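# Chains, contacts and geometry: an overview
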There are 2 protein chains.
Amino acid sequence: MSNQPPHPALLIPGPIEFDDAVLQAMSHYSESHVSAPFVEIFGETLSMLRKLFQTADPASQPFVISGSGTLGWDQVAANLVEPGDEALVLHTGYFADSFADCFETYGVKATQLKAPIGDRPQLDEIETALKEKQYQVLTVTHVDTSTGVLSELKALSELVHRVSPETLVIVDGVCSVGCEEIMFDNWGLDVVLTASQKAIGCPAGLSILMVSGRAIERFKARRTRPTSYFGSWKNWLPIMQNYEAKKPSYFATPSPQLIHALHTALTQILSRPLGQRFADHRAASQKIKKAVTNLGLKQLATRPENQANGMTAVYLPEGVQAPEILSSLMKKGVIFAGGLHKEIATKYIRFGHMGVSVIDPNRQDVDKALEALKIGLSEVGYKV
Amino acid sequence: MSNQPPHPALLIPGPIEFDDAVLQAMSHYSESHVSAPFVEIFGETLSMLRKLFQTADPASQPFVISGSGTLGWDQVAANLVEPGDEALVLHTGYFADSFADCFETYGVKATQLKAPIGDRPQLDEIETALKEKQYQVLTVTHVDTSTGVLSELKALSELVHRVSPETLVIVDGVCSVGCEEIMFDNWGLDVVLTASQKAIGCPAGLSILMVSGRAIERFKARRTRPTSYFGSWKNWLPIMQNYEAKKPSYFATPSPQLIHALHTALTQILSRPLGQRFADHRAASQKIKKAVTNLGLKQLATRPENQANGMTAVYLPEGVQAPEILSSLMKKGVIFAGGLHKEIATKYIRFGHMGVSVIDPNRQDVDKALEALKIGLSEVGYKV
């Protein structure tokens, strides 16, 4: 069991519950960011990310920078496209709107391809869009945290490579890396960006990316300088390469404590076969989705193949208010999140089930949550 | 005494040694970034920063964003100036070059006013420069971490307000906030930017800024949108205002653990009169500077009024190599930093003396370091 002080189980789609050893690593004594022991830890962390993203291509490049998942969007917009370029943004919820806004900030035209809430753009629509214009990048939110809609990456990437081979495939994996299968090399992905606090299971504060050799070449061939300073790969690329080669190097001070925590989290993840980790998340997700269906609740993501394995977004029954049920759950020691999709924010709640809450056999978080949800709904007057 | 595992005393100009309670706060159990308990902590943290920066003007605006000190430059360049604007950058070492590079990234013309190594631009030179051109911002590095040169802010700011009243006064306080006196309101400063891991005494991972009401007005009057997304005050200003008003709000996920640690560090700092804290740093600095002078070593910062109170940069004696003395110090349990100023990097070393290493009476870090330096120098063949 956990040695942490008693606290409600945090079952939102990030931040998630953290393992004791990961939290312990957060309180590591102070080290120089260029000391041999820390350079070793940071270098190993970068190498472990290659395994997590399933890339063996030495040209692939991991980045770990203090920030949040959002900083990953800036990195893409500032390094891989130039003002006047075109981005095709596949929309499955809130985060596509934001990514598009980020592109526009950097003078890049973002065209959104939208699907009805709970669905995702279909391959034939995407093919049509790709044939209409030369897009430098296509972005897809692997799991949109606002809707729990899962996108399919393999067939999508194949389509892009076939129809528009110059278009880089950019994956927002903030709510998927660590709980959904991602085969970076095999699927021909160019960027997968994520954050530390979701299925990777490390406290918030890190922007994490894997970038393909092809995307790095695209970056190096820019006609203009990167349009960010803190997010510039011109500044960070040599630093990341040096750290992984175990050589001290400085651009901006990393957070040794967060890197230690990430190192611990990745060591735990890679101590078991990745396939088993994804299977565990799928099994927990199936159990949860079956349970909410049995409660008579409908998910935002309508079709099984559209449903994320690390979270579940469910519409509230008629007459049940989100604050009411969230507060009832809280009294039972369970924290869910409210809605986030602008058009329907008050009509649904979100249940995150990633990391130790589904992997650690000593935790009863999921069962406790399902029980609390059932009782909570009946308490607020909903008859199952 | 500290409950941390035995480790060498980290006496570089940041990251510094951290207090046990601050490190303990880093391993806080997971919380939602929009939960009432965390919103309370974040709100209090922002309010405490007002006290640290000595501003009572309600129009002043603190920002705390996941990142590093460098992200503060991006925030200034992306929010307070527009492409084509002019910045006057006062140069006292490495960090002015970088800040200027950051401005250029955002299409802002940076003019550097340089001083010889170890000195700072003089007020009459600055006055002349300000009269030559309309600068939207002037930047000054309060303490340049590469040289240990201290800039004087009060007279500088008075000069700018008198000669070029439209020019915003931007202070890079990365190596000064928490150990050098800064009177934000009284001195008429517009931005002081810093990072968590130096004299504030919280692990790295946070970009911290105080912004004047005047600068916020300038930001709001922009003709163009901010040129960063992650660093955009358009995105962050409502979030910071909401957190301080204890209202949950979301743009990008903050790091609850780092915010808890910052809250703990600020609570400790504000538990004593600030004046006492600055006096303690001055006293330790005087003692160190006297000791290195007695060892026959020369500082980069030549004149006493140019010398920082939180660090000391000293030239190595003829024939002594930096790796040799740094390694000798390390064997004695003390970590100093090498040189950083490009032109003379191999010729000097840096001793950081900020935070608990000088404030906590139970720590002997400074005495231990001075003793190690004396013995280390004699071991590598230097006769005092």
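Residues numbered from 1 in each chain as written. Chains lettered and ligands numbered in written order. Predicted model: local features only at pLDDT ≥ 70, side-chain atom pairs only at ≥ 80, totals over all residues. Heavy atoms only, no water.

### Structural notes on the overall build of chain A
Each helix and strand counted, chain A has 13 helices and 14 strands in total. C-alpha atoms of chain A, sized along the principal axes, occupy 60 × 55 × 35 Å. A fraction of 72% describes how many contacts in chain A between residues 6 or more apart in sequence connect residues 24 or more apart. Carbon and sulfur atoms make up 54% of the accessible area of chain A, which amounts to about 13,200 Å² in all. Computed over 36 positive and 40 negative side-chain charges, the separation of the two mean positions in chain A equals 1 Å. (Helix = DSSP H or I, 4+ residues; strand = E, 2+ residues; numbered from the N terminus. Contact = heavy atoms within 4.5 Å. Areas by Shrake-Rupley, 256 points an atom, 1.4 Å probe, with all protein chains shown as cover. Lys, Arg positive; Asp, Glu negative; His and termini not counted. Charge placed at Lys NZ, Arg CZ, Asp CG, Glu CD.)

### Topic: the pattern of salt bridges
All names here are of chain A. Taken as a whole and judged by the stated rule, the model has 35 salt bridges over all chains. With a closest N to O distance of 3.3 Å, Arg363 and Glu17 form a salt bridge. Of this pair, Arg363 sits in the loop between α12 (356-359) and α13 (365-379) while Glu17 sits in the loop between β1 (9-10) and α1 (20-26), placing them 346 residues apart in sequence. Judged by relative accessible area, Glu17 falls into the buried class, the value being 2%. Here the residues in one salt-bridge network are Glu17, Arg363 and Asp365, joined through shared partners. (Salt bridge = Lys/Arg side-chain N within 4 Å of Asp/Glu carboxyl O. Buried < 20%, exposed > 50% of the residue type's maximum accessible area, 1.4 Å probe, protein only.)

### Let's talk about the relation of the copies chain B and chain A
Each copy of the sequence occupies a distinct position, and chain B is placed on chain A by a rotation of 180° and an axial shift of 0.0 Å, giving an RMSD of 0.0 Å. As the rotation angle and translation indicate, the two copies are arranged about a two-fold axis. It is Gly67 of chain B whose C-alpha, among those of chain B, lies nearest the rotation axis, at 2.2 Å. Residue by residue, 100% of the interface of chain B is reproduced at the interface of chain A, so both copies engage with the same surface. (Least-squares fit on C-alpha atoms with pLDDT ≥ 70 in both.)

### Some thoughts on the environment of Pro256 of chain B
One can find Pro256 of chain B in helix α9 (residues 256-270). Pro256 of chain B sits in the buried class, given a relative accessible area of 1%. Excluding residues that lie within four positions of it along the chain, Pro256 of chain B makes contacts with Ala204 of chain A together with Glu31 and Phe38 of chain B.

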